[in-house]
Amino acid sequence: MKSSRLASVMLILAVTTALAACGDGDKATTAGPTTPAPTSAAPSAVATSAAATPASSPAAGAATDKKLCEAVKKANDEMRAEMVKVFTTGDASAADFKKLLTGLEQKVTTVASTGDGKLADALRTFAAEAAKAAAAADPATAADNPAFEKAGKDVSSACKAHGVIMVL
């Protein structure tokens, strides 16, 4: 019991510390838009509304990498809020970790399905690692592995390049 509790506490500390680094995301997102520029023949007012439409609707086409990163950051923030709720109400169980990791996996998978390219592939890899950890008998211990950590760092690094600061 104590070793699983220690593993849970260590995972919580690692995740919370990593997520705490997300606080300065607003400063980094002022780098400017990375959406593809519309054709030069389109008026600027039409170009602005056309650029906003694909980002707000996955059916309108593949989301830009920045939009993918913003959506993943939101999912990460939601998971963090859920994690805080779990730990403020008492001892976290394996079922709690499974629920957190499963929810994160589902949200990241949904985000990845709206994009293509290297970032979307990195998101799929991260989601697969989260699913593996969630399926384990001890999800907290299973999530503490180099493959999961690398997948999170790959997504975080890619998003940082697009001006979205977060740590998965």
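Note that residues are indexed from 1 along each chain, following the sequence as it is written. With the structure being a predicted model, the display of local features is reserved for residues of pLDDT at least 70 and the display and counting of side-chain atom pairs for 80 or more, all residues being used for whole-chain, interface and lining totals. Only hydrogens and water are removed before side-chain values are computed, so all heavy atoms of the structure are retained for them.

1. Re the overall build of the protein chain
For the purposes of this entry, the term helix denotes a DSSP run of H or I that reaches at least four residues, the term strand denotes a run of E that reaches at least two, and both are numbered from the N terminus. When helices and strands are tallied, the protein chain shows eight helices and zero strands. When the helices and strands of the protein chain are placed in sequence order, the string is α-α-α-α-α-α-α-α. Residue burial is assigned from relative accessible area. The probe radius is 1.4 Å, only protein chains are included, and a residue is buried under 20% of its type maximum, exposed over 50%, and partly exposed in between. Counting only residues that meet the buried cut, the protein chain has 31% of its 168 residues in that class. Pairs of residues are marked as contacts when any of their non-hydrogen atoms sit within 4.5 Å. Long-range contacts, defined as pairs at least 24 residues apart, comprise 73% of the intrachain contacts of the protein chain with a sequence gap of at least 6. When the accessible surface of the protein chain is totalled, it reaches about 9,500 Å², and 61% of it is carbon and sulfur. Only the protein chains shown count as cover for residues, and the accessible areas themselves come from Shrake-Rupley with a 1.4 Å probe.

2. Some details on the nonpolar core
Considering soluble globular proteins, one finds that nonpolar side chains tend to be buried as a cluster. By convention a nonpolar core is built from buried Ala, Val, Leu, Ile, Met, Phe, Trp, Tyr and Cys residues, the set being connected through side-chain atoms within 4.5 Å. Residues L123, F126, V155 and C159 are the most contacted members of the largest nonpolar core, which totals 27 residues. Contributions of two or more residues to this core are made by helix 4 (65-88), helix 5 (94-112), helix 6 (118-135) and helix 8 (146-161). Counting residues per element, this core draws most heavily on helix 6, which supplies eight residues. In this structure, V155 is in contact with V72, L119, A122, L123, F126, M166 and L168, ignoring residues within four places of it in sequence.

3. Focus on the confidence of the model for the protein chain
Residue-level confidence of the predictor, termed pLDDT, takes values from 0 up to 100. In this model, the protein chain carries a mean pLDDT of 74, and residues with pLDDT of at least 70 account for 63%. For the protein chain, per-element mean pLDDT is lowest for helix 3 (residues 44-56), which scores 36, and highest for helix 6, which scores 96. Every residue in residues 1-11 is under pLDDT 50, and counting partners more than four places away or in other chains gives eight contacts. This model gives residues 13-61 a pLDDT under 50, and the stretch forms 37 contacts once residues within four places in sequence are excluded.

4. Description of the pattern of salt bridges
A carboxyl oxygen of Asp or Glu within 4 Å of a side-chain nitrogen of Lys or Arg is what we treat as a salt bridge. This structure, assessed with the given rule, holds nine salt bridges. With a closest N to O distance of 3.6 Å, K67 and E70 form a salt bridge. Here K67 and its partner E70 are both found in helix 4, three residues apart, which amounts to about one turn of the helix. Residue K85 pairs with E82 through a salt bridge whose shortest N-O separation is 3.3 Å. Taken together, the positions of K85 and E82, both in helix 4 and three residues apart, correspond to about one turn of that helix. Taking the relative accessible area as the measure of exposure, K85 reaches 49% and is therefore partly exposed.

5. Comments concerning helix 5
In an α-helix, one turn spans 3.6 residues, which is why side chains three or four residues apart end up on the same side. With 19 residues, helix 5 extends 26 Å from end C-alpha to end C-alpha; this agrees with the ideal 27 Å at 1.5 Å per step. Those residues of helix 5 that sit buried are F97, L100, L101, L104, E105, V108, V111 and A112. For helix 5, the angular spread of the buried residues around the axis is 130°, confining them to a single face. For helix 5, the exposed residues lying more than 90 degrees away from the buried face are A95 and K99. Expected helix span is computed as 1.5 Å times (number of residues minus one). Here the arc refers to the set of directions running from the helix axis out to each C-beta atom.

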